[in-house]
Amino acid sequence: MNRTMTSGPPASHVSNPFFASGEQNDFRRDVFEGLARAHKAIPCKYFYDERGIELFDAICHTPEYYPTRTEMSLLKKHAKDIGALAGPGVNVIEFGTGSSAKAELLLSGIDTPASYIPVDIASASLANEAAAMSQRYPDLTVAPVFADFTLPFALPSVAAQGRRLGFFPGSTIGNFTPEEAGAFFHRCARLLGQDGVLVVGVDLKKSKRILDDAYNDAAGLTAAFNLNLLHRINRELKANFDLDSFTHCAHYNLVRGRVEMHIYSLSFQTVRIDGRLFSFIPGESIHTENSYKYSVPEFEALAQASGFITLETWVDADHLFSLHVLRVAHQ
Ligand code: AVI
């Protein structure tokens, strides 16, 4: 990136988070609705409270969870190629944040980016990433947006001028169903506008053993991440889940092409949440996450059916992960 990099104190031109108008999350409503279903389920976006963000970051460093390191090496290898495809002076919009390391790799290949706009629902990680990026690149306009990117939202005025590049790393696209992913891409195409570019990291289909291990790490971090959702419900919704009476399990469902994460009840039990009662039988699960895996042709077909054309696709030597550069075809 042709911008000054520094390790000095934070620069002053990181703007306050822009509270994008749009639909709001409702944790209480979603938990009540999800636990009242015949097959209990809670949306995975609620994993990411402060502790959940810490645990996810730790998962990314486990030996079993290959996506992060594989995607980072693809980004490092192809940052310049992405920059060449994107062109100079683009506004970079990152969907979901977490560690700023991937955005730094991406920005390293882009010629004079106009702005960096991280969009996230988790205000703590959003503020941290915005501050880290502003400190590292004092000449760059950093304009964080506090919004749930799974729902429609507006961009701040800094993005009004110049082309837009969306960045959606980490195979977070896999946490949508393919139908939801298609709807997200359509919204993204409208948001990025004519000539917009989207860089997406996608976890590939592979052996069940590798996938089951990646979501059941030996150190128990994924288990803690999953069960932290019950801690969060206890804390925020005045509930009394007994965490010793539930256990984590994840498995690759070959037929559906997705890793499913569940929290299983170990006994007959009744949980009170803000005055309402929910009963569990032994072995009953709360379905907490789907992580869809794609083949390259499957993903390219999905993108093409949802308003994008593929400019470039890169896959690592072990065929674990793919990085796609897409261009808006129609909005
Ligand atoms: C954020 N997301 C892409 C991760 C995944 O692999 O689906 C979340 C995760 N769940 C368990 N481990 C990691």
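Residues numbered from 1 in each chain as written. Predicted model: local features only at pLDDT ≥ 70, side-chain atom pairs only at ≥ 80, totals over all residues. Heavy atoms only, no water.

### Notes on the packing of helix H3 (residues 67-86) against helix H4 (residues 101-108)
Relative orientation and spacing of two packed helices are given, respectively, by the angle between their axes and the distance between those axes.
Turning to step 1, where the next piece is worked out: Two numbers describe how H3 lies on H4: the axes approach to 7 Å, and their chain directions differ by 20 degrees. One way to sum up the angle between H3 and H4 is to call them roughly parallel. H4 is crossed by H3, and the crossing has right-handed handedness. Between H3, through Thr68, Glu71, Met72, Leu75, Lys76, Ala79 and Ile82, and H4, the contact on the second element is made entirely by Ala101, Lys102, Leu105, Leu106 and Ser108.
Turning to step 2, where the next piece is worked out: Along the lines of polarity and charge, the residues of the contact of H3 with H4 split into seven nonpolar, two polar and three charged. (Axes fitted to C-alpha atoms, helices over the stretch in contact; angles between N-to-C directions. Helix = DSSP H or I, 4+ residues; strand = E, 2+ residues; numbered from the N terminus. Parallel < 35°, antiparallel > 145°, perpendicular 65-115°, else oblique. Left-handed = near helix turned anticlockwise from the far one by under 90°. Contact = heavy atoms within 4.5 Å. Nonpolar A, V, L, I, M, F, W, Y, C, P; charged D, E, K, R; others polar.)

### Some points on unusual backbone geometry
Turning to step 1, where the next piece is worked out: We note that Ser171 has phi near 60 degrees; this positive angle belongs to a residue other than glycine.
Turning to step 2, where the next piece is worked out: Within the fold, Ser171 resides in the loop between strand E6 (164-168) and helix H6 (178-192).
Turning to step 3, where the next piece is worked out: For Ser171, a relative accessible area of 5% corresponds to the buried category.
Turning to step 4, where the next piece is worked out: Phi at Lys238 is positive, roughly 50 degrees, even though this residue is not glycine.
Turning to step 5, where the next piece is worked out: By the secondary structure assignment, Lys238 is in the loop between helix H8 (221-236) and strand E8 (246-253). (Buried < 20%, exposed > 50% of the residue type's maximum accessible area, 1.4 Å probe, protein only.)

### Let's talk about the side chain of Asp49
Turning to step 1, where the next piece is worked out: As for its placement among the helices and strands, Asp49 is situated in the loop between helix H1 (27-35) and helix H2 (50-59).
Turning to step 2, where the next piece is worked out: Side chain to side chain, Asp49 and Arg235 meet in a polar contact 2.9 Å long.
Turning to step 3, where the next piece is worked out: Residues within four places of Asp49 in sequence aside, it is in contact with Asn228, Arg232 and Arg235. (Polar contact = N/O pair within 3.5 Å; in protein donor to acceptor, adjacent residues only side chain to side chain.)

### Let's talk about the pairing of strand E14 (residues 321-328)
Turning to step 1, where the next piece is worked out: Of all eight residues making up E14, seven are buried, and the element is well covered by its neighbours.
Turning to step 2, where the next piece is worked out: Here strand E7 (residues 197-203) pairs with E14 via seven bridges, running antiparallel. Paired with Val200 across the two strands is His324, which belongs to E14.
Turning to step 3, where the next piece is worked out: In the sheet, strand E13 (residues 308-315) pairs with E14 via seven bridges, with the strands oriented antiparallel. The residue of E14 that forms the bridge with Thr313 is His324.
Turning to step 4, where the next piece is worked out: The turn linking E13 back onto E14 is made up of five residues, and His319 within it adopts a positive phi angle of 55 degrees. (Pairing = 2+ DSSP bridges.)

### A short note on the sheet that holds strand E12 (residues 285-292)
Hydrogen bonds between backbone groups are what pair the strands of a sheet, and the pairing can be parallel or antiparallel.
Turning to step 1, where the next piece is worked out: Read from one edge to the other, the open sheet built from three strands follows the order E8-E9-E12, with strand pairing classed as antiparallel. If you trace the sheet from one side to the other, it starts and ends with E8 and E12, each paired once. Between one strand and the next, the sheet's axes are offset by a mean angle of 20 degrees, whatever the strand orientation.
Turning to step 2, where the next piece is worked out: Note that E8 and strand E9 (residues 258-265) share eight bridges and pair antiparallel. Bridge pairing in E9 places Phe246 opposite Ser265.

### So, the environment of Gly96
Turning to step 1, where the next piece is worked out: Inspection of the secondary structure assignment puts Gly96 in the loop between strand E2 (91-95) and H4.
Turning to step 2, where the next piece is worked out: In contact with Gly96, other than residues within four places in its own chain, are Val119, Asp120 and Phe149.

### Points about the environment of Ala86
Turning to step 1, where the next piece is worked out: Tracing the sequence through the fold places Ala86 in helix H3.
Turning to step 2, where the next piece is worked out: You can call Ala86 buried: its relative accessible area is 1%.
Turning to step 3, where the next piece is worked out: Leaving out residues up to four positions away in the same chain, Ala86 has contacts with Arg163 and Leu165.

### Some words on the pattern of salt bridges
Turning to step 1, where the next piece is worked out: This model, assessed by the stated rule, comprises 16 salt bridges.
Turning to step 2, where the next piece is worked out: Ionic pairing is found between Lys45 and Asp148, a salt bridge with its closest N-O pair at 3.1 Å. With Lys45 in the loop between H1 and H2 and Asp148 in the loop between strand E5 (145-146) and E6, the pair connects residues that are 103 residues apart, well separated along the chain.
Turning to step 3, where the next piece is worked out: Given the relative accessible area of 24%, Lys45 is considered partly exposed.
Turning to step 4, where the next piece is worked out: Salt-bridge contacts for Asp49 lead to Arg235; the nearest nitrogen and oxygen are separated by 2.9 Å. Highlighted residues: Asp49 in the loop between H1 and H2 and Arg235 in helix H8, separated in sequence by 186 residues.
Turning to step 5, where the next piece is worked out: One salt-bridge network, in which partners are shared between bridges, spans Asp49, Arg232, Arg235 and Glu236. (Salt bridge = Lys/Arg side-chain N within 4 Å of Asp/Glu carboxyl O.)

### Some points on the domain arrangement of the chain
Turning to step 1, where the next piece is worked out: Each assigned domain of the chain is listed here: domain 1 (28-59 + 208-292) and domain 2 (67-150 + 160-206 + 293-328).
Turning to step 2, where the next piece is worked out: Taking only C-alpha atoms into account, the centre of domain 1 sits 27 Å from that of domain 2.
Turning to step 3, where the next piece is worked out: Between domain 1 and domain 2, the buried area comes to about 1,300 Å², and carbon and sulfur atoms account for 60% of it.
Turning to step 4, where the next piece is worked out: When the buried area of domain 1 at its contact with domain 2 is split by residue, Lys45, Leu211 and Tyr292 rank highest and sum to 43% of it.
Turning to step 5, where the next piece is worked out: Summed over the shared surface of domain 1 and domain 2, the result is one salt bridge.
Turning to step 6, where the next piece is worked out: Between the two partners, domain 1 and domain 2, sit seven residue pairs in polar contact (both at pLDDT 80 or more).
Turning to step 7, where the next piece is worked out: Residue contributions to the side of domain 1 that touches domain 2 peak at four residues, all from E12.
Turning to step 8, where the next piece is worked out: Grouping the amino acids of the side of domain 1 that touches domain 2 by side-chain chemistry returns nine nonpolar, three polar and five charged. (Domains from an automatic or database assignment. Buried area = accessible area lost by both parts, 1.4 Å probe.)

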